[in-house]
Amino acid sequence: MGWPDAYHVCTMDSLEPTRRRRRTHSPEFKAELIASCQQPSVSLTAIAMDHGINPYLLRRWMIELERLR
């Protein structure tokens, strides 16, 4: 009995080297998310996950903004 197609095994020889691109976010996007986090009864984690970013990254943006003020 063979493996189903979903279980195809890749070897290192068959993988092409790929580079992941670092995503960049506009200042407007960052400001929008930070403003959303400052609303009462809102979870920073929920906002980050809804927008496809890591909650730690959103928290870091908030800290950077606080330092600039």
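Residues numbered from 1 in each chain as written. Predicted model: local features only at pLDDT ≥ 70, side-chain atom pairs only at ≥ 80, totals over all residues. Heavy atoms only, no water.

Some remarks on the layout of surface pockets
Now for step 1: Here the largest pocket defines a volume of roughly 270 Å³.
Now for step 2: Broken down by element, the lining of the largest pocket gets its largest block of residues, four residues, from helix 3 (residues 55–68).
Now for step 3: Grouping the constituent residues of the lining of the largest pocket by class yields three nonpolar, three polar and five charged. (1 Å grid on protein atoms, 1.4 Å probe; cavity = no way out; pocket = protein on both sides within 12 Å on 5 of 7 lines; lining within 4 Å. Points joined across faces, edges and corners; volume = space filled by probe spheres on them. Helix = DSSP H or I, 4+ residues; strand = E, 2+ residues; numbered from the N terminus. Nonpolar A, V, L, I, M, F, W, Y, C, P; charged D, E, K, R; others polar.)

What about the nonpolar core?
Now for step 1: By size, the foremost hydrophobic cluster in this structure holds 10 residues: L33, I34, C37, I47, A48, I53, L57, L58, W61 and M62.
Now for step 2: Of all elements in the fold, only helix 1 (27–37), helix 2 (44–50) and helix 3 reach the threshold of two or more residues within this core.
Now for step 3: When sequence neighbours within four positions are dropped, the list of residues in contact with L33 reads I47, H51, I53, L58 and W61. (Core = buried A, V, L, I, M, F, W, Y, C linked by side-chain atoms within 4.5 Å. Buried < 20%, exposed > 50% of the residue type's maximum accessible area, 1.4 Å probe, protein only. Contact = heavy atoms within 4.5 Å.)

Details of helix 1
Now for step 1: For helix 1, the full list of buried residues reads L33, I34 and C37. All buried residues of helix 1 project into a common sector of 100 degrees when viewed along the axis, lining one side.
Now for step 2: Buried residues along helix 1 sit in contact with helix 2 and helix 3. (Arc of directions from axis to C-beta.)

A few points about the environment of C37
Now for step 1: Its place among the elements puts C37 in helix 1.
Now for step 2: Note on C37: relative accessible area 13%, which makes it buried.
Now for step 3: Linking C37 and A48, residues 11 residues apart in sequence, is a C-alpha distance of 9.2 Å.
Now for step 4: Setting aside residues no more than four positions away along its own chain, C37 makes contact with L44, I47, L58 and M62.

Some remarks on the pattern of salt bridges
Now for step 1: Within the structure shown, the criterion is met by one salt bridge.
Now for step 2: Notably, a salt bridge pairs E64 with R60, separated by 3.9 Å at the nearest N-O pair. Taken together, the residues span about one helical turn, with E64 and R60 both in helix 3 at a distance of four residues.
Now for step 3: Overall, the relative accessible area of 38% leaves E64 in the partly exposed class. (Salt bridge = Lys/Arg side-chain N within 4 Å of Asp/Glu carboxyl O.)

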